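Residues per chain, in single letters:
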Amino acid sequence: MRLFSYIFIGILGLGLSTAKAQTVFPSFADLAEKLMPSVVNISTTHHESISENETNEIDNNLQTSDNIFNYSDENKISLGSGFIIDEKGYIITNNHVIDKADSITVTLSDNTSYQAKIIGTDSKTDIALIKIDTPQKLTPVIFGNSDKIRVGDWILAIGNPFGLGGSVTAGIVSAKSRDIESGPYDNFIQTDASINQGSSGGPMFNMNGELIGVNNALFSTNGASMGVGFAIPVNLINFVIEQLKNNGEVKRGWIGIKMQATTPEMLHSLGLKNQNGIIISEVIAESTAAKAGLLAGDIILKFNNMDIDNSKNFSRIVAETKIDSNINLQIWRNKQTLNFNVKVTKMPEQTTEKSQPVPQIKTNISFEEKVPELGFLFKEIGLHLAEISPTTAETYHFSPSEKGLVIINIEKNSDAMKKGLKKGTLILSVDKKPIVDFNDVNNAIAEAKLDNHRPILLQIKDGQQIFYVAVKLNMENKNHDAN
């Protein structure tokens, strides 16, 4: 649908020309009138002790878009939004809207109110299913396909901003697949439509009046909309809704691996050019993945013959796979393609396959600080490494029984610096070979030089987090002993 028309008028005089353009926007009135009966306002109360300390913030500026009012030290009223999904009274909202609620009141578009009960919640996607019993004929939303939306498409967002009641805002899809680090399956739609506090749980519609998302959060420095809002894609919640309806909880599949997205340099270091995939950063002991023979450093290329190129999508695919079924994974290992059959089991509580984030560049590294003891400076990769000893273990707070080499300094402007490596982290392996001593790193660098100066792949342990980083070689320098 073309939503813009342009009128161009040229005026010539004294060798100058000017142009005026008038933009005509369509009315969303008919569409809004059709959709409003499917949207509800939600208010909850819960008893809170004075010592409780809660916040709506996901980080300093990213906030969930619900309103919270304290009417006393003990009773808190939270306002949000939701939408009807069938005529039986089932309603979807955000989990954080009804979290800890002692009572939930749903107000329909005709201002009639009903008490709702919780059917099930899912904190991993921030979705809750509630239900009201009413003799009224309800108008459910029509589900769309969030995968089909494009950046620049028009959308309508409907909600209950600041508790004012049903409000409609319009905007465009600003971006897709945003990861705001709020959960293991982040894949948000970003919009510039006004999503304010109280809009949480409200629907986002396309111009066909189909549901494409659930309004969830806004980026703000002052609590009000700044043109950066986020919605959960409807394709992510279809599975969640079905599970909550049938089980009252979400039962997800699990094979017991942790993953991270690959980079071209990682794939190059493993002999995979012009290829997508995700890298296994860790295999959980006794998991079905471990029993099937998967290893850290394996690249997953296909899931049941389907190409894989995003770690979060892979997590979701496994999570939505039927428990006790078997899947086939195509793996790249040692420059060979292998196939593994892995059984899918129920995900344990408090466990997810959240992808490992790329470490952020640290700005507090002091390059003048004296290292705790002598080590070896590998100029080609910009890292000063030391063997694990009581001194390094005490300095950087890890167990002396750890294996590998510890980073005790990083060269300025090196690729290791740019990739965000930091002092005190451990290097467990290089090019998927365990590190015993300095010779292992020297040998890996030598092999990389012979192999067209490709990057080398380091397995890093930072606290309890294990991930991979591909580091380019600096061919202008040679190794030097540290003094």
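Only a predicted model underlies this, so the values are computations on that prediction, with no experimental measurement involved.

## Describing the overall build of the chain
If you tally the helices and strands in the chain, you get 9 helices and 34 strands. Residues classed as buried in the chain amount to 49% of the 483 residues present. Carbon and sulfur atoms make up 48% of the accessible area of the chain, which totals about 24,000 Å².

## Side note on the nonpolar core
In this structure, Phe 83, Ile 85, Ile 92, Ile 127, Phe 205, Ile 232 and Ile 237 are the most contacted members of the largest nonpolar core, which totals 33 residues. At the level of secondary structure, the elements contributing two or more residues to this core comprise helix H1 (29-35), strand E7 (90-94), strand E11 (127-131), strand E13 (154-159), strand E17 (210-219), strand E18 (229-233) and helix H3 (234-247). It is H3 that provides the largest number of residues to this core, a total of 7 residues. Aside from chain neighbours lying at most four places away, what touches Ile 92 is Gly 82, Phe 83, Ile 85, Ile 127, Ala 128, Leu 129, Gly 201 and Ile 241. Judged by nonpolar contacts, the second largest core, of 26 residues, contains Phe 378, Val 430, Ile 435 and Ala 448.

## Things to note about the packing of aromatic side chains
Summed over the entire model, instances satisfying the criterion amount to 6 aromatic pairs. Relative to Phe 378, the ring of Phe 376 lies with its centre 4.8 Å away and its plane at 55 degrees, an arrangement referred to as tilted. For the pair Phe 376 and Phe 378, a shared accessibility class is recorded, and that class is buried. By way of ring pairs, the aromatic residues Phe 376, Phe 378 and Phe 438 are connected into one cluster. Above the ring of Tyr 90, the side-chain terminus of Lys 131 is found at 5.6 Å from the ring centroid. Positioned over the ring face of Tyr 90 is Lys 245, at 4.8 Å from the centre of the ring.

## Some remarks on the pairing of strand E28 (residues 383-387)
Side-chain positions along a regular strand alternate between the two faces of the sheet. Most of E28 is tucked away, with 4 of its 5 residues classed as buried. In this sheet, E28 lies alongside strand E27 (residues 376-378) in antiparallel orientation, the contact comprising 3 bridges. Within E28, the residue paired with Leu 377 across the bridge is His 384. Between E27 and E28, which pair antiparallel in sequence order, lie 4 residues; one of them, Gly 382, sits at a positive phi of approximately 70 degrees.

## Regarding the environment of Gly 202
Of note, Gly 202 is situated in the loop between strand E15 (188-191) and strand E16 (203-205). Judged by its relative accessible area of 0%, Gly 202 is buried. In sequence terms Gly 202 and Ala 157 are 45 residues apart; their C-alpha atoms lie 7.2 Å from each other.

## Let's talk about the pattern of salt bridges
The full count for this structure, using the stated rule, is 19 salt bridges. Put simply, Lys 432 and Asp 298 hold a salt bridge, and the shortest N to O gap is 3.8 Å. Residue Lys 432 is found in the loop between strand E30 (426-430) and strand E31 (433-434), and its partner Asp 298 is found in the loop between helix H5 (288-292) and strand E22 (299-303); the two are separated by 134 residues along the sequence. Salt bridges sharing common partners tie together Glu 265, Asp 415, Lys 419 and Lys 472.

## Brief notes about the side chain of Thr 425
If you trace the backbone, Thr 425 turns up in the loop between helix H8 (415-418) and E30. Since its relative accessible area comes to 3%, Thr 425 is described here as buried. A distance of 2.8 Å separates the side chain of Thr 425 from the backbone oxygen of Lys 422, its partner in a polar contact. Sequence-distant contacts of Thr 425, that is, excluding residues within four places in its chain, are made with Leu 405, Val 406, Ile 407, Ile 460, Lys 461 and Asp 462.

## Side note on empty space enclosed by the protein
Scanning the entire structure with this criterion turns up 1 cavity of 30 Å³ or more. Taken together, Thr 125, Tyr 185, Leu 236, Phe 239, Val 240, Arg 252, Arg 316, Ala 319 and Glu 320 form the lining of the largest cavity. Put simply, the parts of the chain that give the lining of the largest cavity at least two residues each are H3 and helix H6 (311-319). For the lining of the largest cavity, the leading source of residues is H3, giving 3 residues. By residue class, the composition of the lining of the largest cavity is 5 nonpolar, 1 polar and 3 charged.

## Structural notes on the pairing of strand E24 (residues 326-333)
With 6 of 8 residues buried, E24 is to be regarded as a mostly interior element. For E22 and E24, the ladder comprises 4 bridges, and the chain directions are antiparallel. Its bridge partner lying in E24, Ile 300 is registered against Ile 331. Where E24 meets strand E25 (residues 336-343), 8 bridges bridge the pair, whose relative direction is antiparallel. Counted as the bridge partner of Asn 328 is Asn 341 from E25. Hairpin geometry of E24 and E25 is characterised by an intervening segment of 2 residues between the two adjacent antiparallel strands and by a positive phi of about 50 degrees at Asn 334.

## Topic: H6
Among the residues of H6, Ser 311, Lys 312, Phe 314, Ser 315, Val 318 and Ala 319 are the ones counted as buried. Across the axial projection of H6, the buried residues extend over an arc of 160 degrees, all falling on one side. Packed against the buried residues of H6 are H3, strand E19 (253-254), strand E20 (257-261), strand E21 (278-283), E22 and E24.

## Some thoughts on the side chain of Asn 216
The topology assignment puts Asn 216 in strand E17. For Asn 216, a relative accessible area of 3% corresponds to the buried category.

## Here we look at the confidence of the model for the chain
Summarising the model, the chain shows a mean pLDDT of 82, and 79% of its residues fall at 70 or more. At the low end of the mean pLDDT range in the chain sits strand E1 (residues 8-13), at 28; at the high end sits strand E12 (residues 142-143), at 97. Counted against residues more than four places away or in other chains, residues 352-372, with its pLDDT under 50, gives 56 contacts. Note on residues 478-483: pLDDT under 50 across the span, and 17 contacts to partners over four residues away in sequence or across chains.

Criteria and thresholds
- Residues numbered from 1 in each chain as written.
- Predicted model: local features only at pLDDT ≥ 70, side-chain atom pairs only at ≥ 80, totals over all residues.
- Heavy atoms only, no water.
- Helix = DSSP H or I, 4+ residues; strand = E, 2+ residues; numbered from the N terminus.
- Buried < 20%, exposed > 50% of the residue type's maximum accessible area, 1.4 Å probe, protein only.
- Areas by Shrake-Rupley, 256 points an atom, 1.4 Å probe, with all protein chains shown as cover.
- Core = buried A, V, L, I, M, F, W, Y, C linked by side-chain atoms within 4.5 Å.
- Contact = heavy atoms within 4.5 Å.
- Phe/Tyr/Trp six-rings, centres within 6.5 Å; stacked < 30°, edge-to-face > 60°.
- Lys NZ or Arg CZ within 6 Å of the ring centre and 35° of its normal.
- Pairing = 2+ DSSP bridges.
- Salt bridge = Lys/Arg side-chain N within 4 Å of Asp/Glu carboxyl O.
- Polar contact = N/O pair within 3.5 Å; in protein donor to acceptor, adjacent residues only side chain to side chain.
- 1 Å grid on protein atoms, 1.4 Å probe; cavity = no way out; pocket = protein on both sides within 12 Å on 5 of 7 lines; lining within 4 Å.
- Points joined across faces, edges and corners; volume = space filled by probe spheres on them.
- Nonpolar A, V, L, I, M, F, W, Y, C, P; charged D, E, K, R; others polar.
- Arc of directions from axis to C-beta.
- pLDDT = per-residue confidence, 0-100.

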